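Each chain, letter by letter, is given below.
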Amino acid sequence: MSAAVVSDALEQEHVESHLHPEPTFDLAAHPLPTGREEVWRFTPLKRLRGLLEDVASVETLEWKESLPAGVTLTRSSTDDAVALGGTAPFDRLGALAVKNAGGALVLDIPSDSEIEEPVRLILHGTNADAIVWSHLVVRIGTHAKATVVVEHSGSTTYDAFTTVLVGDGAHLDLVHVNDWADDAVHAEQINARVGRDAQLRQFEFTLGGDLVRTSTNVDYAGPGGTAELFGLYFADAGQHFEHRLFVDHTAPKTVSNVVYKGALQGEKAHTVWVGNVLIRKVAEGIETYEENRNLILTEGCHADSIPNLEIETGEIAGAGHASAIGRFDDEQLFYLRSRGIEEKEARKLVVRGFFDELIRKVTIPELAAKLSGQVEEELQRHVLADLA
Amino acid sequence: MSTLEIKDLQVRVNTEDGPIEILKGVTLTINDGETHAIMGPNGSGKSTLAYSIAGHPRYEVTGGTVTLDGEDVLTMSVDERARAGLFLAMQYPVEVPGVSVSNFLRTAKTAIDGEAPKLRTWVKDVNGALEKMNLDPTFSQRSVNEGFSGGEKKRHEIAQLELLDPKVAILDETDSGLDIDALKVVSDGVNRFRERDGKGVLLITHYTRILRYITPDRVHVFVAGKVAESGGPELAEELEANGYDRFLNASV
């Protein structure tokens, strides 16, 4: 076989990453998983409490929103929302959310607008047993700039499909705070399309819930786009927090930077981080880096960390990844304690320092302060309590 | 007053191949206001002595005593030792990402004094200490030891010595890896500390170079886990001229 035949065989119009199934809204194409599939093998399916079943529900979360002037939130039919664009669901959870949500909410930030005040969507669940489906589109027009914060709290069994459309030259900061009650289940698929020369910065802060499984999938509508995906999670005893990322470099000169950091404490705290990057043949001159670090604070925790890089062109500016799972660094503790700092305080300093890099990136000061406070509370609950 | 008394100290390290005895009965006393230099070849156990006194968990004390002004140091935790007045300037200071120098210094000072330093004078003190060590004021916003050059790490250790004001400072090869300018800055810092009333210094070094700038009261030659010979500053001069051979041969 000649080289040309091989390359023709590899390079089709749409190269599908072997790491991901074909995206489609068609539920039949996303059969019930057995739990052995690559994309499901880490998730305790039973604990999804029926979210993989095709059951109708009219339940919703309580919504409160704060919309600065110019920003609109409107109801739309499913068809109209889908027609706005973006990648179809990659898995059954995404397809079910679209099918059963009974329409979508569309958050619109008009082109050329610079919105100083953050857009806030405050979602609260009041019933752990009620299944809630949700379909949301966040659309920011060309050259606009805004910050959108989605806050989750309370009890629910919740499955959301969120499409994020970042117009050419636009800048969007999208912050998800997943601070659920201990009995909440939250699955979400966030499919983002980054426009030409646009910038998306996404933050995920997962601090509470029985099971949280999010998958963020990013691709690029044109060259020059940047996606920065940051995450912080803090899992306690029994909690399962899973963050899946897929950056599909579909255009040249695009940039992706993924940094997720997590801490785990207590029996059977389990976190999963999967970071997939696909560099397509067309994606020349791109730059990608992904990093995941986990800090195991007590015995009995389990962290999985899996970076995957699939490269179909060598003509790139850079590609790298780093993954680490570690305990408290005894040398760091010794150094701090040798300066008179008590063990408890030394541990606090180390964990704060570990997360500081991410929290500092949050541009809303009161949110950054609230998040540091929550990290502190988490620490107090376990690691520091044991040393009291 | 500050007297550090080490008597017949025996220390071992537990390795996969079983325990290894490193210190085999070390005895020395640093009296009020004295500076002692410990010199020895690589692997003689100099650093083990420093880390054992500071309480590093890797080292197991199997015999002997260490007291500071009569108080038993070995029963104290690492942080209690520091609060009792011991300070260890490390050969390889540890990076603590995300913790700023200024936050670190304030937390340490508060822990050692038992109360937070007065804000106005403290900022001045910190800036002064950094300046004396030729460290830029923006240095305090950097993460502890992260991305510091070798010289910056050592100068940061001595800035801490100045600010935390211990009774006895143990300097573990603080001179190693420094160029001559940095060595002078570090030596000046140590000498300023020595000028304070009743401060003890245990200076551990491989080279005689630093002793041109810091004149010790006593010099101990350390070989194979114990003091082989003690003397005045002239002993350092002999080492400079003849090296460690005489002691190494004697110990075999």
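Residues numbered from 1 in each chain as written. Chains lettered and ligands numbered in written order. Predicted model: local features only at pLDDT ≥ 70, side-chain atom pairs only at ≥ 80, totals over all residues. Heavy atoms only, no water.

S.K.: Account for the overall build of chain A, with residues named and values stated.
M.R.: Looking only at helices and strands, chain A has six helices and 16 strands in total. Computed over its C-alpha atoms, the radius of gyration of chain A comes to 21 Å, within 12% of the 21 Å expected for a compact globule of 388 residues. C-alpha extents for chain A along the principal axes are approximately 65 × 55 × 45 Å. For chain A, buried positions account for 60% of its 388 residues. (Helix = DSSP H or I, 4+ residues; strand = E, 2+ residues; numbered from the N terminus. Rg over C-alpha atoms; globule rule 2.2 N^0.38 Å. Buried < 20%, exposed > 50% of the residue type's maximum accessible area, 1.4 Å probe, protein only.)

S.K.: I'd like to hear about the overall build of chain B, residue by residue, with values.
M.R.: The secondary structure content of chain B amounts to eight helices and twelve strands. Relative to a compact globule of 252 residues, whose C-alpha radius of gyration would be 18 Å, chain B shows 18 Å and is just as compact. Taken over the C-alpha atoms alone, chain B extends approximately 55 × 40 × 40 Å along its principal axes. Counting only residues that meet the buried cut, chain B has 53% of its 252 residues in that class. Long-range pairs, those at least 24 residues apart, make up 70% of the contacts in chain B with a sequence separation of at least 6. As displayed, chain B offers around 11,000 Å² of accessible surface, 46% of which is attributable to carbon and sulfur atoms. Seen as two clouds, the 28 positive and the 39 negative side-chain charges of chain B have centres 3 Å apart. (Contact = heavy atoms within 4.5 Å. Areas by Shrake-Rupley, 256 points an atom, 1.4 Å probe, with all protein chains shown as cover. Lys, Arg positive; Asp, Glu negative; His and termini not counted. Charge placed at Lys NZ, Arg CZ, Asp CG, Glu CD.)

S.K.: Explain the packing of helix H5 (residues 150-164) of chain B against helix H6 (residues 180-195) of chain B residue by residue, including any values.
M.R.: Residue and element names in this part refer to chain B. Where H5 contacts H6, the two axes come as close as 10 Å, and the packing angle between them is 15 degrees. One finds that H5 runs roughly parallel with respect to H6. Judged by the sense of rotation from one axis to the other, the crossing of H5 with H6 is left-handed. On H6, the residues touching Arg-155, Ile-158, Leu-161 and Glu-162 of H5 are Val-185, Val-186, Gly-189, Val-190, Arg-192 and Phe-193. (Axes fitted to C-alpha atoms, helices over the stretch in contact; angles between N-to-C directions. Parallel < 35°, antiparallel > 145°, perpendicular 65-115°, else oblique. Left-handed = near helix turned anticlockwise from the far one by under 90°.)

S.K.: Any chance you could break down unusual backbone geometry for me, citing the residues and the numbers?
M.R.: All names here are of chain B. One non-glycine residue, Asp-8, adopts positive backbone phi at about 50 degrees. Mapping Asp-8 onto the fold places it in strand S1 (residues 4-15). Judged by its relative accessible area of 40%, Asp-8 falls in the partly exposed class. Phi is positive for Asn-145, which is not a glycine, with a value near 65 degrees. Within the secondary structure layout, Asn-145 lies in the loop between strand S8 (143-144) and H5.

S.K.: Tell me about the side chain of Asp-173 of chain A, and please be specific about residues and values.
M.R.: All names here are of chain A. One can find Asp-173 in strand S6 (residues 171-179). Among the polar contacts made by the side chain of Asp-173, one reaches the side chain of Arg-201 at a distance of 3.1 Å. Aside from chain neighbours lying at most four places away, what touches Asp-173 is Ala-146, Thr-147, Val-148, Arg-201, Phe-203 and Thr-363. (Polar contact = N/O pair within 3.5 Å; in protein donor to acceptor, adjacent residues only side chain to side chain.)

S.K.: I'd like to hear about the sheet that holds S1 of chain B, residue by residue, with values.
M.R.: Spatially, S2-S1-S4-S5 (chain B) is the arrangement adopted by the four strands of the open sheet, whose pairing is antiparallel. With one partner strand each, in any of the chains shown, strand S2 (18-30) and strand S5 (71-72) of chain B form the two edges of the open sheet. (Pairing = 2+ DSSP bridges.)

S.K.: So what about the pattern of salt bridges? Which residues, and what values?
M.R.: Scanning all chains against the criterion turns up 38 salt bridges over all chains. Note that Glu-151 of chain A and Lys-370 of chain A form a salt bridge whose closest N and O atoms lie 3.2 Å from each other. Here Lys-370 of chain A lies in helix H6 (residues 365-381) and Glu-151 of chain A lies in strand S5 (residues 145-166), a separation of 219 residues in the sequence. A network of salt bridges, in which partner residues are shared, links Lys-132, Glu-162, Asp-165, Arg-192, Arg-196 and Lys-199 of chain B. (Salt bridge = Lys/Arg side-chain N within 4 Å of Asp/Glu carboxyl O.)

S.K.: Just give me the short version of the domain arrangement of chain A, but keep the residues and values in it.
M.R.: Residue and element names in this part refer to chain A. What the domain assignment reports for chain A is domain 1 (17-327) and domain 2 (329-388). Computed over C-alpha atoms only, the centres of domain 1 and domain 2 are separated by 27 Å. Domain 1 puts 31 residues into the contact, and the matching count from domain 2 is 22 residues. Here domain 1 packs against domain 2, burying approximately 2,300 Å² in sum over the two surfaces, 68% of which is carbon and sulfur. Across the contact surface, domain 1 and domain 2 share three salt bridges. On inspection of domain 1 and its partner domain 2, the count reaches seven residue pairs in polar contact (both at pLDDT 80 or more). Within the residue set of the side of domain 1 that touches domain 2, elements represented by two or more residues are S5, S6, strand S8 (199-208), strand S10 (226-235), strand S12 (255-264) and strand S14 (287-296). It is S10 that contributes the most residues to the side of domain 1 that touches domain 2, five residues altogether. Of the residues contributing to the side of domain 1 that touches domain 2, the split by class is 15 nonpolar, seven polar and nine charged. (Domains from an automatic or database assignment. Buried area = accessible area lost by both parts, 1.4 Å probe. Nonpolar A, V, L, I, M, F, W, Y, C, P; charged D, E, K, R; others polar.)

S.K.: Tell me what's going on with the sheet that holds strand S12 (residues 226-231) of chain B, and back it up with residues and numbers.
M.R.: All names here are of chain B. Strand order in the open sheet made by the six strands is S6-S9-S10-S3-S11-S12, with mixed pairing throughout. Two strands bound the open sheet, and with one partner strand each, they are strand S6 (86-89) and S12. Between one strand axis and the next, the sheet turns through 20 degrees on average, direction left out of account. Sheet topology note: the strand S9 (residues 168-172)/strand S10 (residues 200-205) ladder contains five bridges and is parallel. Paired with Val-168 across the bridge in S10 is Gly-200. Across the sheet, H5 lies against S6 and S9, angled at about 165 degrees from S6, the strand it touches most.

S.K.: Explain the pairing of S14 of chain A to me, using residue names and the numbers behind them.
M.R.: All names here are of chain A. Across the ten residues that make up S14, a large majority, seven, are buried. Of the pairings in the sheet, the one linking S12 to S14 comprises ten bridges and is parallel in character. Its bridge partner lying in S14, Leu-264 is registered against Ile-296. Pairing geometry for S14 and strand S16 (residues 318-327), over ten bridges, is parallel.

S.K.: Describe the side chain of Thr-206 of chain A, listing the residues and the values that go with them.
M.R.: Residue and element names in this part refer to chain A. Tracing the backbone shows Thr-206 in strand S8. For Thr-206, a relative accessible area of 0% corresponds to the buried category. Reaching out from Thr-206, the side chain makes a polar contact with the side chain of His-243 at a distance of 2.8 Å. If sequence neighbours within four positions are ignored, Thr-206 has contacts with Asn-178, Val-212, Leu-232, Tyr-233, Phe-234, Phe-241 and His-243.

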